[in-house]
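Residue-level structural notes
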Amino acid sequence: MPGETEQAFLARIRSALAGRPRRTELPADVEVARVVSRNGDLVGLFIERATQAGMKVHRVADQAAMVGKIGELAGVQNAASALVPVEGVPSREAVVAELQRRGVRLLDPDDRDAAFQADIGVTGVERAVAETASLSLVSGGGRRRLASLAVPCHIAVVLASQIVADLIDWAGCRPSEMPANEVLVSSHSKTADIEMVLVPGIHGPGTLHVVLVG
Amino acid sequence: MSKAGHGAGVPDFKHQAAAAVANRRLQEIFDRATRQKDDGRRAILPELGDPLAVRELAARIKDHTLENLDRYLEQFVGQVRGRGGQVHFAADGDQAKAVIVDIARRASAKLIVKSKSMVSEEIELNHDLEAAGFEVLETDLGEYILQLAGEKPSHIVTPVAHKSREDVGRLFAEKLGIEYTSDPPALTMVARRVLREKFRTADLGIIGANFAVAETGTVCIVTNEGNGRYCSSRPRVLICLMGLEKLLPRMADLPVFLKLLGKSATGQRITCYTSLITGPKRAGDFDGPEEFHVVLMDNRRSAVLGSDYMPTLRCIRCGACLNACPVYRKIGGHAYEATYPGPIGKVITPLLNSLEVYEHLPQASSLCGACLDACPVRIDIPTHLIHLRQELVRRGRSPLTFRLGFKGWRLGMSSRWLYRWGAMQARWFMWLISRNGWCRWMPSTGGVWTQYRDLPVMPARPFRVRWAALQKELESEDGGDAR
Ligand code: SF4
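Remember, it's a predicted structure, so these values are computed and weren't measured experimentally. (Residues numbered from 1 in each chain as written. Chains lettered and ligands numbered in written order. Predicted model: local features only at pLDDT ≥ 70, side-chain atom pairs only at ≥ 80, totals over all residues. Heavy atoms only, no water.)

Counting its secondary structure elements, chain B contains 23 helices and 12 strands. In terms of its C-alpha atoms, chain B occupies a principal-axis envelope of roughly 90 × 50 × 50 Å. Taking all 483 residues of chain B together, the buried fraction comes to 56%. For chain B, the exposed surface amounts to about 19900 Å²; the carbon and sulfur share of it is 55%. Side chains of chain B carry 67 positive and 54 negative charges; the gap between the two charge centres is 4 Å. (Helix = DSSP H or I, 4+ residues; strand = E, 2+ residues; numbered from the N terminus. Buried < 20%, exposed > 50% of the residue type's maximum accessible area, 1.4 Å probe, protein only. Areas by Shrake-Rupley, 256 points an atom, 1.4 Å probe, with all protein chains shown as cover. Lys, Arg positive; Asp, Glu negative; His and termini not counted. Charge placed at Lys NZ, Arg CZ, Asp CG, Glu CD.)

What follows is the structure in structure tokens.
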């Protein structure tokens with residue numbers, strides 16, 4: 001195997017640090033960086049900041065209304081096909097039925113290329129962060145990493161109860177085991193590489209709808 | 001970051017800089033690109049409440065990590081392995097490249113998609129991968145444009161900051177055979193179409209790391225475009241190449257840096273996509289890489305670790321110091337002839353390469369301190385530059401006249417009479433060589449200075465005399481008030 005051994009690598013670092021005073025106690029005042037307090041109007045702040053970030057937020061009262069809203073958005077987007085992963089979408093059966101009723105073709109989630117062909121991808125989220133209007137999506141099981149990425153339009157379902165105040169809370173309230181992949185989606189895909197002109201949808205979705213329940 | 005990779009054998013900083021300053025289109029594009037980001041940063045940082053406190057916290061977390069880096073590296077390596085990942089160690093860029101080529105070969109990879117990574121620019125990874133027969137594609141739009149053009153990044157966050165829309169239009173027409181257009185959205189969509197197919201079919205992904213969390217063995221990358229997500233989600237094999245300084249102790253520390261990075265880099269509250277990758281896909285997962293490799297690279301970072309320059313390893317490569325720097329804004333990124341341009345580049349390029357080869361870099365600063373003001377992790381770049389200059393003098397890398405001049409200066413500053421006498425001499429001398437009150441030329445080493453700057457002639461009545469007079473005047477006024 002090319003490269004060097006772990007021992008040789010670490011030995012160099014140890015000798016570089018040898019003889020230097022070490023402060024071993026970790027800075028514990030991470031709360032200094034808190035921007036949003038836990039007891040504010042988190043839903044209101046989330047909506048405000050998500051809108052600033054270019055997300056289209058639709059607030060509905062309950063899951064039944066959420067299902068109707070997703071169907072309506074599929075119509076607005078002129079979607080002919082959709083990818084709805086088998087896991088992680090609240091009221092999935094109802095969402096699928098609603099899309100089918102509207103004549104949207106449901107792609108097979110087990111087709112590896114489905115996300116590249118779908119007009120819309122519908123997902124739930126693990127959590128949302130009011131501070132940065134970030135949607136936390138995790139991998140695993142019946143979820144599909146590309147359902148929120150390779151589609152031109154991503155529709156994310158967020159339950160009001162899933163919103164935490166600050167990124168500090170997002171980092172603090174996680175299960176001890178990290179998923180293989182977690183992504184914080186804080187806007188649609190964009191680039192400003194050519195002369196700082198902002199262009200949406202360079203690789204990922206150019207449109208991001210959030211259906212907020214509750 | 002070999003010198004050879006940047007063209008000329010000998011740095012030709014002055015000519016490059018002069019050419020950049022004379023290029024009006026470049027000035028216009030570069031000025032806009034840097035100012036927009038700098039203004040954005042200033043506008044959004046106050047959202048942090050007490051931004052200075054947050055920046056100092058970030059600096060303390062980084063310092064703590066670096067001081068205990070051996071322990072955190074061990075923890076990180078253990079965690080990555082515990083999640084089924086493989087860890088490789090590379091003393092330098094050549095070893096890192098050999099490791100990556102080896103992984104690609106074993107995986108029988110053909111098509112490699114890469115997310116933007118400054119470390120891979122540092123070691124010129126693509127060159128070796130292509131030489132080994134792999135098709136490699138940069139997938140960040142800016143990096144993709146550079147790859148087509150065969151050029152180097154001019155900015156560490158927005159690598160094509162130097163290119164106009166017309167440049168990109170001509171390049172795409174020539175290399176991709178499309179009809180010429182200079183419309184940024186149209187050009188962007190062309191790149192989208194090309195790269196989308198590559199994402200779909202690639203079998204190996206290469207990413208860098210913005211951060212790595214020791215506690216969980218997690219690698220964190222941020223992108224606005226989403227290309228980092230593709231590279232880490234779709235291909236069968238995933239390689240993360242990272243410098244050893246990227247570690248953070250805990251997940252709890254990550255928010256502090258995520259809050260600072262997007263704001264400092266582009267004035268965004270947070271970057272669009274933040275990916276956390278912890279090992280390969282798990283049993284029962286439908287998608288994700290089957291193999292996950294981390295390549296930990298030293299490449300002279302360990303030499304910086306124990307030194308006075310250790311705080312430079314805090315750098316999170318946000319580019320804020322570049323955007324804030326009046327020199328960088330004028331001369332652009334390419335004049336530096338270094339992978340890392342701008343203020344931080346002036347410090348770390350000599351440290352990670354050779355001070356002798358890059359001796360022009362520590363000098364190319366007015367020490368105004370805008371970089372320190374901008375830096376989210378409070379790296380005192382001006383002081384590091386002064387130390388590098390001292391090092392150059394100690395190594396005898398400065399002209400004799402320069403050293404004699406400063407010896408004379410020291411002597412002059414040691415006595416008020418010598419100082420007055422010296423100032424008088426200097427005034428006479430300047431008056432002799434000046435025209436209309438300005439010195440535009442000086443003999444010997446002074447000429448190097450006046451090549452790019454003018455100096456006003458010292459006034460006939462020195463400050464010392466005027467100050468004394470002013471004080472007297474003020475005193476008599478005060479006396480008047482009292483009555
Ligand atoms: S030195 Fe500071 S400002 Fe410059 S790139 Fe690094 S972190 Fe950003």
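Under the domain assignment used here, chain B contains domain 1 (68–303) and domain 2 (416–477). Centre-to-centre separation of domain 1 of chain B and domain 2 of chain B, based on C-alpha positions: 54 Å. (Domains from an automatic or database assignment.)

A few words now on the pattern of salt bridges. Here the structure, examined in full by the defined rule, presents 55 salt bridges over all chains. Measuring nitrogen to oxygen at the nearest pair gives 3.0 Å for the salt bridge that ties Glu195 of chain A to Arg25 of chain B. One end of the pair, Glu195 of chain A, is in the loop between strand 10 (190–191) and strand 11 (199–200); the other, Arg25 of chain B, is in helix 2 (residues 24–44), on a second chain. When its relative accessible area of 30% is taken as the criterion, Arg25 of chain B is described as partly exposed. Taking the shortest distance from any N to any O, the salt bridge between Asp38 of chain B and Arg41 of chain B comes out at 2.8 Å. Here Arg41 of chain B and Asp38 of chain B lie together in helix 2, a separation of 3 residues that amounts to about one turn. Given the relative accessible area of 2%, Asp38 of chain B is considered buried. Residues joined in a network through salt bridges with shared partners are Glu195 of chain A together with Arg25, Glu28, Arg32, Arg165 and Glu166 of chain B. (Salt bridge = Lys/Arg side-chain N within 4 Å of Asp/Glu carboxyl O.)

It is worth spelling out unusual backbone geometry at this point. The phi dihedral of Ala133 of chain A is positive, around 50°, even though this residue is not glycine. Mapped onto the secondary structure, Ala133 of chain A falls in the loop between strand 5 (127–129) and strand 6 (134–138). Since its relative accessible area comes to 0%, Ala133 of chain A is described here as buried. Phi is positive for Asn436 of chain B, which is not a glycine, with a value near 50°. Position of Asn436 of chain B among the secondary structure elements: in the loop between helix 21 (416–433) and strand 11 (438–439).

Moving on, we get to the site of the ligand. Looking at the ligand, there are 14 residues lining it, with Cys315, Cys318, Gly319, Cys321 and Cys375 of chain B nearest. Across the shell around the ligand, the residue classes break down as 12 nonpolar, 1 polar and 1 charged. (Near = heavy atom within 4 Å. Nonpolar A, V, L, I, M, F, W, Y, C, P; charged D, E, K, R; others polar.)

Moving on, we get to a negative patch on the surface. On the surface, Glu473, Glu475, Glu477 and Asp478 of chain B cluster together into a negatively charged patch. Inspection of the secondary structure puts Glu477 of chain B in helix 23 (residues 463–482). (Patch = residues over 30% accessible without salt bridge, like charges linked within 9 Å, V, L, I, M, F, W, Y side chains within 5 Å.)

A word on the interface of chain B and chain A. With 109 residues of chain B at the interface, the matching set in chain A holds 82 residues. For the pair chain B and chain A, the summed buried area comes to about 8200 Å², and 58% of that belongs to carbon and sulfur atoms. Broken down residue by residue, the surface that chain B buries against chain A is led by Glu67, Arg234 and Phe286 of chain B, which jointly contribute 9%. Run the count over chain B and chain A and you get 18 salt bridges. One salt bridge connects Glu131 of chain A with Lys259 of chain B, and the closest N-O pair in it is separated by 3.1 Å. Scanning the region where chain B abuts chain A turns up 45 residue pairs in polar contact (both at pLDDT 80 or more). In terms of residues, the side of chain B that touches chain A owes the most to one element, helix 10 (residues 184–201) of chain B, which gives 10 residues. Pairing analysis gives 5 bridges linking strand 9 (residues 181–185) of chain A to strand 9 (residues 273–277) of chain B, with the strands arranged antiparallel. Paired with Asn181 of chain A across the strands is Ile277 of chain B, a residue of strand 9 of chain B. (Contact = heavy atoms within 4.5 Å. Buried area = accessible area lost by both parts, 1.4 Å probe. Polar contact = N/O pair within 3.5 Å; in protein donor to acceptor, adjacent residues only side chain to side chain. Pairing = 2+ DSSP bridges.)

As a further point, take the confidence of the model for chain B. Of all residues in chain B, 97% attain a pLDDT of 70 or more, and the chain-wide mean is 92. Below a pLDDT of 50 lies the segment residues 1–10 of chain B, which in the model reaches 24 contacts outside its immediate sequence neighbourhood of four places, other chains included. (pLDDT = per-residue confidence, 0-100.)

This part covers a nonpolar patch on the surface. Residue and element names in this part refer to chain B. On the surface, a cluster of nonpolar side chains totalling about 850 Å² of accessible area is made up of Leu411, Leu418, Trp421, Met424, Trp428, Trp431 and Leu432. Per element, the largest residue contribution to the nonpolar patch is 6 residues, and it comes from helix 21. Relative to the helices and strands, Trp421 resides in helix 21.

This brings us to the environment of Val30 of chain A. Residue position: Val30 of chain A is located in the loop between helix 1 (6–17) and helix 2 (42–52). Excluding residues within four positions of it along the chain, Val30 of chain A makes contact with Ile168 of chain A together with Leu57, Arg250, Ala252, Asp253 and Val256 of chain B.

Another point: the environment of Glu174 of chain B. Residue and element names in this part refer to chain B. Its location among the elements puts Glu174 in helix 9 (residues 165–176). Relative accessible area serves as the criterion here: at 62%, Glu174 is assigned to the exposed category. Between the C-alpha atoms of Glu174 and Leu148, which are 26 residues apart in sequence, the distance is 9.7 Å.

Attention shifts here to the sheet that holds strand 12 (residues 207–213) of chain A. All names here are of chain A. The sheet built from 6 strands is open, its strands ordered 1-12-7-4-2-3 with parallel pairing. The sheet is open, and its two edges are formed by strand 1 (56–60) and strand 3 (105–106), each paired on a single side. Across 5 bridges, strand 4 (residues 120–124) lies against strand 7 (residues 153–159) in parallel orientation. By the bridge assignment for strand 7, Gly121 is matched with His154. Sheet strands touched by helix 3 (residues 63–76): strand 1, strand 4, strand 7 and strand 12. Its angle to strand 12, the strand with the most contacts, is close to 160°. (Axes fitted to C-alpha atoms, helices over the stretch in contact; angles between N-to-C directions.)

Turning next to the packing of aromatic side chains. The final tally for this structure, using the stated rule, is 10 aromatic pairs over all chains. Pairing Phe9 of chain A with Phe89 of chain B gives two aromatic rings, centres 5.2 Å apart and planes at 55°, and the pair type is tilted. With one member in each of two chains, Phe9 of chain A in helix 1 and Phe89 of chain B in strand 1 (residues 86–90) form a pair that bridges those chains. Residue Phe9 of chain A shares its accessibility class with Phe89 of chain B, and that shared class is buried. (Phe/Tyr/Trp six-rings, centres within 6.5 Å; stacked < 30°, edge-to-face > 60°.)

Residues and elements named next belong to chain B. Side chains of strand 4 (residues 204–207) alternate between two faces, with Leu204 and Ile206 and Gly205 and Ile207 buried alike. The sheet contact formed by strand 2 (residues 111–114) and strand 4 spans 3 bridges and is parallel. Bridging from a neighbouring strand, Ile112 pairs with Leu204 of strand 4.

To continue, consider the side chain of Lys114 of chain B. Residues and elements named next belong to chain B. As for its placement among the helices and strands, Lys114 is situated in strand 2. Judged by relative accessible area, Lys114 falls into the buried class, the value being 1%. In terms of polar contacts, Lys114 uses its side chain to reach the side chain of Ser120, at 2.7 Å. Looking at Lys114, its side chain comes within polar contact range of the side chain of Glu138, at 2.6 Å. Excluding residues that lie within four positions of it along the chain, Lys114 makes contacts with Ser120, Leu125, Asn126, Val136, Leu137, Glu138, Thr139, Asp140, Ile206 and Cys231.

Attention now goes to the environment of Gly133 of chain B. All names here are of chain B. In this structure, Gly133 sits in the loop between helix 7 (125–131) and strand 3 (135–138). Judged by relative accessible area, Gly133 falls into the exposed class, the value being 61%. Each C-alpha atom, one on Gly133 and one on Arg105, is 9.7 Å from the other, the two residues being 28 residues apart in sequence.

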